[in-house]
Amino acid sequence: MKISLNWLQEYVDISMSTAELEEQLTLSGLEVEDVTSIGPSVDGVVVGHVLDVQPHPNADRLTVCRVEVGSDAPAQIVCGAPNVRAGQHVPVALPGCSLSINGKSVKIKTAKLRGVKSAGMICAEDELGLSDDHSGIMVLEGRAVPGEPLADYLRRVGSGVGDMTFDVVITPNRPDAACHIGVARDIAAVTRTALHLPTCPLPEDSEAIRIQLSVSIECTQLCRRYAAMLVRGVRVGESPQWLQQRLIAVGLRPINNIVDITNFVMYECGQPLHAFDYDRIAGGEIMVRASKGGEQFATLDGKQHTLPADTVLICDRQQPVALGGIMGGANSEVDKSTTTVLIESAWFDPSATRRTARRLGIQTDASYRFERGVDASGQVRAAVRAALLMAELSGGQIVEGCIDVHPNPLVLPAVTLRLSRIPVILGITIPAEEVVRILNALGFGVRRAGDSLRCQVPPHRPDVSLEVDLIEEVARIYGLDQIGEPHPSAVPGSVPLERPIDTRRESVHVLLNGRGYREIYTNSLVEKDVAEQFSDPSLGTGYPVVETLNPVSTSMTTLRPTLLPGLLKVMQFNTHHGQSPLRFYEFGHVFHRTAEQAVYIDGYAEYETLIMGISGPIRPKAWDDKDRDADFFDLKGDIEHLLAAFGLSDVRVQYHNQSEAITACQMTLFYHKHRLGCIAQLHPDLQRQWDLRSPAYFAEFNWTRLVLHAEENSRRKFTPVNRHPAADRDIAVVLPSSQSAGPLLETIRNVGAPLLQDVRVFDLYEDPRLGSRKKSLAFALRFGARRTLRDREIDRKVGQVVKALHELYGAELRS
Amino acid sequence: MEENSLNTAAAALRHQVEAASLDSAEELEHFRIRFLGQKNGRITRLFKHIPQLPPKERRDAGRLLNELRTFARAKLEAARTSVTTEEAAVQGLDLTLPGRSNQWPGSRHPITQALAAIKDIFIRMGFAVAEGPEIEDDWHNFTALNFPVDHPARDMQDTLFVEASDQGTGGVMLRTHTSPVQIRTMLAGDPPFRLIAPGRVYRNEAITYKSYCLFHQVEGLVVDTGVTMADLKHTLFGFARAFFGDDVRLRFRPSFFPFTEPSAELDVWWALPEHPKGGRWMEILGSGMVHPNVLEAVGVDPERYTGYAFGMGVERPAMLRYGISDIRTFYENDLRFLDQF
């Protein structure tokens, strides 16, 4: 909200500079986001006193003036204006300052004009940007002190020129600060100065108004109070300059004197007012009721609304004339022909106002304040303030008396503040007198009894209801900078344990970064079609997807059931931009609906997965290395490495060579009964659909489960190193091409036990010379025991292995 | 042979040894065989003449030939050293060729890096880490955190809902902050608590250079006996100095959040040479003393225990740190961007 410095000074004396005030407001809880200076810049222009005026020796139209400008000797200034006279106070632009004249920046310098030295310039109004007047120099009326900045003079005389506007952030707990008096109250409390409030004599009770106007409230929860006054014989017209300038300074557009006054009072004391044309209020009757729903209403901005139920309606005898707390109606608006004004000053319920404003999509200065809660005691005062101003500025006459209906008064509590509780919360001790002074300055009525302060919450602070609220009030005025720092702090009683999920994540980063993978962050929200396409049982999901009710856009409607679409999008994006390598990984949550019992929120399954993906060249092109595209086994190797690092040796695998909706082939990994994840080649159709030039491979794991099982396996025991030599044997066998290698390895391990310690495939090739549809597989076997093995027993073991391979798979030993 | 002729022969041989060229391995071998060969080396052969000399001359002749043989051997050794050195170089390794790299460099996403930097500081201060779900219910995300029923954050305009709320309560949504993790942690245990909760959060916001529908947060919570706002300030200032550097200018400013009272925000002064004031204050985190209503909601006695909480975004400090001006860059994952981290 915008606050004008000139306006503020009507209620509190401010001796600090603009910068200090900005800092002070911010540090006491009203954050200043921006400070703007209003009107022309007159920096460097001071008040001068013309001592004498002499004709210029070389020019008829010029004069030579001696001007007192506050410093040492008077300045000699050549002037061309016809109206310059000795004794005048005038604005003087001193050498060094810049003026914007006719849109051009002009720097004032000491110069010789027709041979006579001139140290500065006596300015006309247009040269200062104050008006278009160039008929002569500006003559300053009233008290002017030679040498004082022109800005200060202008501010002092209330010219409206040189005001400053503070853009203040009003937090929801500060309904009182949405007006100048509220901000002034804070400043007065901080600077220990007095707050000056405008005098508003409350009206005598009178029949006069009751004859002309009756008010009743039907919905006393939604409208607790309705005050009204009448001003007769007004002349609607332009507001005086001072009023217009006040409104312009806070960003409002002056409309006419009546509307401007209601706005002025709202920005002064925070009470929104509405002015009706009394002659358009049928029957001189105001009735406040809740709408039934579906009613139509045209607001004064010309828009037609269908009203939801429980909208507060201000009605005359025939029809609604305003939306209570939000906006008036077109049917009762004040215009040029208005002669009698009905001033409405009411209290509307914050929640109801917010609800209606949101539903109708209307935010007004009034709704902004009612939503936060206005002072429930201020309605009559504000109405009187407005009526007096209308009488003064529009020539009207106040109809005696004031209608004030308040069937359901808002009662604010008294809250107890224990002085001993302040150090418990704040960690500092504040003297009791200071606590009382601050609370008093903020309007709280304080009664002390020993340690306890019984504090009556003032009507402008409906947000305060608890002891901590009071402590906050004291703290923000006392100053959080009074809390010393550093502050002695105890070491926590227990040292938190590292979570396996964090340390394991760290090790995955290290491992994958070393293998050329780049981490990505993708959006959790994807298109519904995409989410459903990838919600596939082959990926371990295939459940109903989770949609949001109010998506940001149609491309972000549904929570991802897998990280795969995000990965493919990144691969596609980088392919489009000619970037490689495509080696990525991501950790992220995936989601689906579930009927099973949920860990967190019933109906929803959510867990973290780790995805890795590769496509295209396997390594950077090099001078002695052949280019090759990444394939399934590159990714499989990385996963084997990862599983080994996690100590997960007991993983069961299911191979699947058929293509599915998403995959061309895949292997699924299980730990006991639990699916850990899969390694797969992306289906060629999807590869094309996502514009990938080479086959793409991905692996996605249930990260939570992976960590869980890794932890189960993490307690390893040391086995003493075997000092006896191991013996290596290689065997190569020829067998049908269709025979996969996995079962052979399994057989070798089983038959070779217990002497066999390790077996690896070290060669694979197919060659017509081996026979048609034959291949050769070579295995490296390592034998060992806790004793020295004899050649004979190793040979016997190898023989058993070869025999088993032959019997089970028809494998022939290659000679 | 007489001694004189032996001397002459030795002198001639010495000239031959001196003149012999020893620039290659072949020449070295040739030299060795020619002069020092076991059977027919010329120097070796001369030794065979010594027994034929008169006994008194044999001694001088022996010394002379020994000197000659030592000289030849020394020359051979010296040449061998320089020839082998030269020959190794002749193999011609082009040391300027680039090193073999089996892989491109990998990297962590800048958000992970910024998050890790934040987490590490708090972990060093003794904070544990906790995480929670991104789909939350109204009670954990709002009600337990003292959000009033008609708080704007409960509105469809601000929050992404999965199940609609009824008159402001109930409903399932994508969490708007990681504070529900505090609630879950406090419900699951007893004080003291001292933890941070990093994670992804969602807001119903249009995607622009400065806003995204999701971002990352780290929230902190400490609940114990005797925890005060001074502890909070101490912790946050300590964090900010560790993160931004010891000379950072800080401001602790009163603010408002539903779940803390009193509340405060921490601003850091960001120097901007172009700025008329030389810089500006940037808000980096919100904080405060845990609201008694929050403690009561999770069954912690607010008279016995007090606590503080704080929360910060990860993207904003990351953008400040790396000079990134468009938040969308983080989620595009352009390799030319990732390459720089």
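Our structure is the block above this text.
Rules used in this analysis
Residues numbered from 1 in each chain as written. Chains lettered and ligands numbered in written order. Predicted model: local features only at pLDDT ≥ 70, side-chain atom pairs only at ≥ 80, totals over all residues. Heavy atoms only, no water. Helix = DSSP H or I, 4+ residues; strand = E, 2+ residues; numbered from the N terminus. Rg over C-alpha atoms; globule rule 2.2 N^0.38 Å. Buried < 20%, exposed > 50% of the residue type's maximum accessible area, 1.4 Å probe, protein only. Areas by Shrake-Rupley, 256 points an atom, 1.4 Å probe, with all protein chains shown as cover. Lys, Arg positive; Asp, Glu negative; His and termini not counted. Charge placed at Lys NZ, Arg CZ, Asp CG, Glu CD. Phe/Tyr/Trp six-rings, centres within 6.5 Å; stacked < 30°, edge-to-face > 60°. Polar contact = N/O pair within 3.5 Å; in protein donor to acceptor, adjacent residues only side chain to side chain. Contact = heavy atoms within 4.5 Å. Salt bridge = Lys/Arg side-chain N within 4 Å of Asp/Glu carboxyl O. Nonpolar A, V, L, I, M, F, W, Y, C, P; charged D, E, K, R; others polar. Axes fitted to C-alpha atoms, helices over the stretch in contact; angles between N-to-C directions. Parallel < 35°, antiparallel > 145°, perpendicular 65-115°, else oblique. Pairing = 2+ DSSP bridges.

Visitor: A description of the overall build of chain A should follow, citing residues and the corresponding values.
Guide: From N to C terminus, chain A includes 21 helices and 40 strands. Taking 2.2 N^0.38 as the reference for a compact globule, 815 residues should give roughly 28 Å; the C-alpha atoms of chain A span a radius of gyration of 42 Å, well beyond that estimate. Across its three principal directions, the C-alpha atoms of chain A cover 125 × 80 × 60 Å. Burial analysis of chain A (815 residues in total) assigns 52% to the buried set. Split by element, the accessible area of chain A, about 37500 Å² in all, is 50% carbon and sulfur. Measuring between centres, the 86 positive side-chain charges of chain A sit 8 Å from its 100 negative side-chain charges.

Visitor: Now, about the overall build of chain B: what can you tell me, with residues and values included?
Guide: Check the secondary structure of chain B and you find 12 helices and 10 strands. Whereas a compact globule of 341 residues would reach a radius of gyration of roughly 20 Å, chain B reaches 43 Å, over 25% beyond that. The dimensions of chain B, computed from C-alpha atoms along their principal axes, are 130 × 45 × 45 Å. For chain B, with 341 residues in total, the buried portion stands at 52%. Side-chain charges in chain B split into 38 positive and 45 negative, and the spacing between the mean points of these groups amounts to 15 Å.

Visitor: Lay out the packing of aromatic side chains with the relevant residues and their values.
Guide: The relative placement of two aromatic rings is captured by the distance of their centres and the angle of their planes. Residue and element names in this part refer to chain B. Using the criterion set out here, one finds 27 aromatic pairs over all chains in the structure. Centroid distance F244 to W270: 6.0 Å. Interplanar angle 80°. Geometry classified as edge-to-face. Within this pair, whereas F244 is found in helix α8 (residues 229-244), its partner W270 is found in strand β8 (residues 260-271), the two being separated by 26 residues in sequence. The class for W270 is partly exposed, based on a relative accessible area of 24%.

Visitor: Any details on the side chain of B:H109? Residues and values, ideally.
Guide: Within the secondary structure, B:H109 is located in the loop between α4 (55-90) and α5 (110-124). In terms of polar contacts, B:H109 uses its side chain to reach the backbone carbonyl oxygen of B:F330, at 2.8 Å. Excluding residues that lie within four positions of it along the chain, B:H109 makes contacts with A:E519, A:I520, A:Y521, B:F330, B:N333 and B:L338.

Visitor: Which residues make up the interface of chain A and chain B, and what values go with them?
Guide: If you look at the interface, chain A gives 91 residues, while chain B gives 92 residues. Along the contact surface separating chain A from chain B lie 11 salt bridges. For the interface between chain A and chain B, the tally reads 41 residue pairs in polar contact (both at pLDDT 80 or more). Considering only residue class, the side of chain A that touches chain B consists of 41 nonpolar, 23 polar and 27 charged.

Visitor: Tell me what's going on with the packing of helix α14 (residues 500-514) of chain A against helix α19 (residues 703-712) of chain A, and back it up with residues and numbers.
Guide: Residue and element names in this part refer to chain A. The contact between α14 and α19 brings their axes to 10 Å, and the two run at 100°. If you check the angle between α14 and α19, you find them roughly perpendicular. Listed contacts from α19 to P500, I501, R504, R505 and V508 of α14 are W703, V707, A710 and E711. Along the lines of polarity and charge, the residues of the contact of α14 with α19 split into 6 nonpolar, no polar and 3 charged.

Visitor: Explain the pairing of strand β6 (residues 214-224) of chain B residue by residue, including any values.
Guide: Residues in a regular strand point their side chains to alternate faces of the sheet. Residues and elements named next belong to chain B. In terms of burial, β6 is largely enclosed, as 10 of its 11 residues are buried. In the sheet, β6 pairs with strand β10 (residues 306-313) via 8 bridges, with the strands oriented antiparallel. Bridge pairing links V218 to M312 in β10.

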